[in-house]
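An overview of the molecular structure
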Amino acid sequence: MSDCLFCKMVTGEIAPDVVYEDDDVLAFRDINPQAPTHVLIVPKRHISTLNDLEPDDARLIGQLSLAAAKVAAQEGVADAGYRTLINTNREGGQVVFHIHMHLMGGRRMGWPPG
Ligand code: 5GP
Ligand code: ZN
């Protein structure tokens, strides 16, 4: 999608700080980190929100979690623990409409989240 920020990261039009990449997934550091480790994991194919998932996307969504576990290990937060989450639409706090999984670690997370 030509006017999507994260699609531009995927094509390289904008160069993020990439921490992991494979054929289907790209992971890069959040520009405004909310924890010592704050990485965004996105499918390379544009999907706007969790509400737009089709049954055929099940594997792709699983790949986001698999990538998160790899990045957590790489970042050294896997054993201490970390949080993954996907914000959806207005009340979920989504501001970029290309599905992304947040991975945050390196500090103790509060619960419930704000
Ligand atoms: P959302 O609120 O949609 O779940 O999360 C969007 C995230 O994208 C925010 O944490 C925000 O800091 C991050 N973000 C917004 N613009 C950019 C950017 O240009 N580069 C990077 N690396 N992250 C961005
Ligand atoms: Zn996109």
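Residues numbered from 1 in each chain as written. Chains lettered and ligands numbered in written order. Predicted model: local features only at pLDDT ≥ 70, side-chain atom pairs only at ≥ 80, totals over all residues. Heavy atoms only, no water.

Overall, the coordinates contain 1 aromatic pair when judged by the stated rule. Between F6 and F28 the ring centres are 5.3 Å apart and the planes differ by 75°, which places this aromatic pair in the edge-to-face class. One end of the pair, F6, is in helix α1 (residues 5-11); the other, F28, is in strand β2 (residues 25-29), with 22 residues separating them in the sequence. F6 gets classed as buried once you look at its relative accessible area, which sits at 4%. (Phe/Tyr/Trp six-rings, centres within 6.5 Å; stacked < 30°, edge-to-face > 60°. Helix = DSSP H or I, 4+ residues; strand = E, 2+ residues; numbered from the N terminus. Buried < 20%, exposed > 50% of the residue type's maximum accessible area, 1.4 Å probe, protein only.)

Right, let's talk about the site of ligand 1 for a bit. Around ligand 1 sit 16 residues, and of these D30, G93, V95, H100 and H102 come closest. Here I31 contributes a backbone N or O atom positioned 3.3 Å from a nitrogen atom of ligand 1. Interatomic distance of 2.7 Å between a backbone N/O atom of V95 and an oxygen atom of ligand 1. Protein chains shield 80% of the accessible area of ligand 1, which is 520 Å² for the free molecule. Taken atom by atom, the bulk of ligand 1 overlaps the largest pocket. Residue assignment for the shell around ligand 1 shows that the elements contributing at least two residues are α1 and β2. Looking at which element gives the most residues to the shell around ligand 1, the answer is α1, with 3 residues. Split into classes, the residues belonging to the shell around ligand 1 amount to 8 nonpolar, 6 polar and 2 charged. (Near = heavy atom within 4 Å. Polar contact = N/O pair within 3.5 Å; in protein donor to acceptor, adjacent residues only side chain to side chain. Areas by Shrake-Rupley, 256 points an atom, 1.4 Å probe, with all protein chains shown as cover. 1 Å grid on protein atoms, 1.4 Å probe; cavity = no way out; pocket = protein on both sides within 12 Å on 5 of 7 lines; lining within 4 Å. Sits in = over half its atoms within 2 Å of the grid points. Nonpolar A, V, L, I, M, F, W, Y, C, P; charged D, E, K, R; others polar.)

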